[in-house]
Structure formats: C-alpha cells, structure tokens
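# Architecture and fold: a report
Single-letter residue listing:
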Amino acid sequence: QIEEQLRRAEGKVGRKALSEPDYVEVLERSCSQGWESYGVQELDGEKRLAGPGLPRQEPMSVMVLGGPWPGRLSKMCHGYVGERGEAQIYGAHRRGPAALRELLCHGEKGACTGGKAGGPAPPKAMQNEL
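Residues numbered from 1 in each chain as written. Predicted model: local features only at pLDDT ≥ 70, side-chain atom pairs only at ≥ 80, totals over all residues. Heavy atoms only, no water.

When the pLDDT values of the protein are averaged, the result is 78; 75% of them are 70 or greater. The secondary-structure element of the protein with the lowest mean pLDDT is strand S3 (residues 63–65), recorded at 72, while helix H4 (residues 86–95) shows the highest, at 95. Between residues 116–130, whose pLDDT stays under 50, and residues either more than four places distant or in other chains, the model counts two contacts. (pLDDT = per-residue confidence, 0-100. Helix = DSSP H or I, 4+ residues; strand = E, 2+ residues; numbered from the N terminus. Contact = heavy atoms within 4.5 Å.)

Rendered as structure tokens:
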C-alpha cells in the first residue's frame, strides 16, 4: 500500500520526485488509511492475511474482515515509518519496488515471504520416558 500511495502521488506531479513535506504526508496518510478491507483467510488449513495489495488467495474461501487486523496493520505501518524514517522509505521507493520490499520486509526470509519467517519450525524434541 505504501508503494501504491507514493506512486499515485508522484503521478499527480508528473512522475517527479516528491518534496519532503509531500512524501511525509503520503506516508502518514498511507498508515492512517482505513484498513477495514483487510482480514484473515484460511487456505489449506493455514490462516493468511488478505486484502488489497496482497497476493490473492482461493476465491471460494471465507475471509473474515476487520477484527483486530485494521488496528494491527496501522500500528505496523507506523512502526515501519518510525523505525526506518520517511526519507529512507521514500529513497527505497525511488530506487524501485525491489529496494522498498527489501527495506520493509527485511530480506527474503522476512515478514513478506509466503511461508513462515524462518522456514519450518524445527521438530519437537522427543522426551525420554523412564
């Protein structure tokens, strides 16, 4: 969503770079947007976040909108902006989608991957029975 909002704002000024006050405003608006169209969708027994800008899941599966997710997503967005800073986020956006994804997702095994963050969980240790 951040990428889409920044791209739209740049389109309004002829694809030129935004001024600092403009990109700060766009990022604030992105994080404060209504997140009500996001929710959880179950696919193959695994719950996944679904909504605009995220990969589409099975069209016939049930999606639960709202709940705690709008607030969580807004806090997460503000956290990214606070942690990384508006200038660093906008600079990554200007370098391209891959640079922005790398910055926000913390690499290939980060929060944006399709699977779990560190790969599958290690098997549980067996307890010896005496």
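For the rest of this paragraph, the subject is the environment of alanine 17. On the secondary structure map, alanine 17 appears in the loop between helix H1 (2–12) and helix H2 (20–32). Judged by relative accessible area, alanine 17 falls into the partly exposed class, the value being 46%. When the C-alpha positions of alanine 17 and leucine 6 are compared, they lie 9.8 Å apart, and in sequence the two are 11 residues distant. Each residue touching alanine 17, except ones within four places of it in the same chain, is listed here: Tyr90 and Arg94. (Buried < 20%, exposed > 50% of the residue type's maximum accessible area, 1.4 Å probe, protein only.)

Our next topic: the state of the cysteines. Considering all chains together, one arrives at one disulfide under this definition. Residue cysteine 31 pairs covalently with cysteine 77 via a disulfide, S to S 2.0 Å. Looking along the S-S bond of the cysteine 31-cysteine 77 disulfide, the torsion reads about -70°, which is the left-handed sense. Taken together, the residues span a long stretch of sequence, with cysteine 31 in helix H2 and cysteine 77 in helix H3 (residues 69–84) at a distance of 46 residues. (Disulfide = S-S within 2.5 Å.)

Okay, the nonpolar core next. One finds Ile2, Leu6, Leu18, Tyr23, Leu27, Ile89 and Leu104 to be the most contacted residues of the largest nonpolar core, which totals 20 residues. For this core, the elements supplying multiple residues, two or more each, are H1, H2, H3, H4 and helix H5 (97–105). (Core = buried A, V, L, I, M, F, W, Y, C linked by side-chain atoms within 4.5 Å.)

Judged from the five bridges that link them, strand S1 (residues 39–43) and strand S2 (residues 46–50) form a sheet pairing that is antiparallel. Among the inter-strand pairings, glutamate 42 is bridged to a residue of S2, identified as lysine 47. Where S1 folds back on S2, the antiparallel hairpin that results is connected by two residues, among which aspartate 44 adopts a positive phi of roughly 55°. (Pairing = 2+ DSSP bridges.)

On to the pattern of salt bridges, then. Overall, the coordinates contain seven salt bridges when judged by the stated rule. The shortest N-O distance in the salt bridge between glutamate 25 and arginine 29 comes to 3.3 Å. You can see glutamate 25 and its partner arginine 29 sitting in helix H2, four residues apart, about one turn around the helix. On the accessibility criterion, glutamate 25 (48% relative accessible area) is partly exposed. On the accessibility criterion, arginine 29 (40% relative accessible area) is partly exposed. Beyond isolated ion pairs, a larger network of salt bridges with shared partners links Glu3, Glu4, Arg7 and Arg8. (Salt bridge = Lys/Arg side-chain N within 4 Å of Asp/Glu carboxyl O.)

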